[in-house]
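Here is how the chains run, residue by residue.
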Amino acid sequence: MRRKHTCENDVKADVKELLTKYGWTHWANSAGPHSVPGIEDRSALRRGMFLAVESKFGKRELTVLQQNRLDAVAAAGGYVWVARETNLEAFEMLLKNLQ
């Protein structure tokens, strides 16, 4: 994992690295006119589990659409995580626990 984060892309890179390290199949999502409103930055699958990860840097907050999307994933039985430069170790612990 990166030790110094200067932007959201650094957080996204660490999320990608951790998901790969723990054996998740994952992909980046692109927001646009033909995507789900508030689509998470990265989706992941492992052994029948679905994980939606939204990455944020600094004081940036979720939009209402992003929160609604994460709520919908959780309500459907999926896992959700808002990754920040300050909680990547906790994210790694989650991935370890889901093995």
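Quick caveat: nothing in here was measured; it's all calculated off a predicted structure.

### Focus: the overall build of the protein
Here comes step 1: Helices and strands together make up the secondary structure of the protein, namely 3 helices and 4 strands.
Here comes step 2: The N-to-C order of helical and strand elements in the protein reads α-β-β-β-α-β-α.
Here comes step 3: Relative to its length of 99 residues, the protein is compact, with a C-alpha radius of gyration of 13 Å against a globular reference of 13 Å.
Here comes step 4: Judged by the C-alpha coordinates and their principal axes, the protein covers about 35 × 30 × 20 Å.
Here comes step 5: When the 99 residues of the protein are sorted by exposure, 41% land in the buried category.
Here comes step 6: The long-range fraction of contacts in the protein, counting pairs at least 24 apart against all pairs at least 6 apart in sequence, stands at 53%.
Here comes step 7: Here the protein has roughly 5900 Å² of accessible surface; of this, 53% comes from carbon and sulfur atoms.

### Section: the packing of aromatic side chains
Here comes step 1: Enumeration according to the criterion identifies 1 aromatic pair in this entry.
Here comes step 2: Relative to Phe91, the ring of Trp81 lies with its centre 5.7 Å away and its plane at 40 degrees, an arrangement referred to as tilted. Here Phe91 lies in helix α3 (residues 88-97) and Trp81 lies in strand β4 (residues 79-83), a separation of 10 residues in the sequence. A single burial state applies to Trp81 and to Phe91, both of which are buried.

### Here we look at the side chain of Lys56
Here comes step 1: Counting through the fold element by element, Lys56 comes out in the loop between β3 (49-55) and α2 (64-75).
Here comes step 2: Lys56 sits in the buried class, given a relative accessible area of 2%.
Here comes step 3: A distance of 3.1 Å separates a polar atom in the side chain of Lys56 from a polar atom in the side chain of Gln66.
Here comes step 4: Apart from the residues within four sequence positions on either side, Lys56 is in contact with Glu8, Val11, Glu61, Leu62, Gln66, Val82, Ala83, Arg84 and Glu85.

### Some remarks on the side chain of Glu40
Here comes step 1: By the element assignment, Glu40 lies in the loop between β1 (25-28) and β2 (42-46).
Here comes step 2: Here Glu40 falls in the buried class, since its relative accessible area comes to 1%.
Here comes step 3: Of note is the side chain of Glu40, whose polar atom sits 2.7 Å from the side chain of Arg69.
Here comes step 4: Discounting residues that sit within four places of it in the chain, Glu40 has contacts with Asn29, Phe50, Ala52, Val53, Glu54 and Arg69.

### Considerations on unusual backbone geometry
Here comes step 1: At Arg47, a position not held by glycine, the phi torsion is positive, near 50 degrees.
Here comes step 2: You can see Arg47 is positioned in the loop between β2 and β3.

### Let's talk about the pattern of salt bridges
Here comes step 1: Taken as a whole and judged by the stated rule, the model has 7 salt bridges.
Here comes step 2: What emerges from the salt-bridge pattern is a single network uniting Glu8, Lys12, Asp41 and Arg60.

Here is what the cut-offs are and how they apply
Residues numbered from 1 in each chain as written. Predicted model: local features only at pLDDT ≥ 70, side-chain atom pairs only at ≥ 80, totals over all residues. Heavy atoms only, no water. Helix = DSSP H or I, 4+ residues; strand = E, 2+ residues; numbered from the N terminus. Rg over C-alpha atoms; globule rule 2.2 N^0.38 Å. Buried < 20%, exposed > 50% of the residue type's maximum accessible area, 1.4 Å probe, protein only. Contact = heavy atoms within 4.5 Å. Areas by Shrake-Rupley, 256 points an atom, 1.4 Å probe, with all protein chains shown as cover. Phe/Tyr/Trp six-rings, centres within 6.5 Å; stacked < 30°, edge-to-face > 60°. Polar contact = N/O pair within 3.5 Å; in protein donor to acceptor, adjacent residues only side chain to side chain. Salt bridge = Lys/Arg side-chain N within 4 Å of Asp/Glu carboxyl O.

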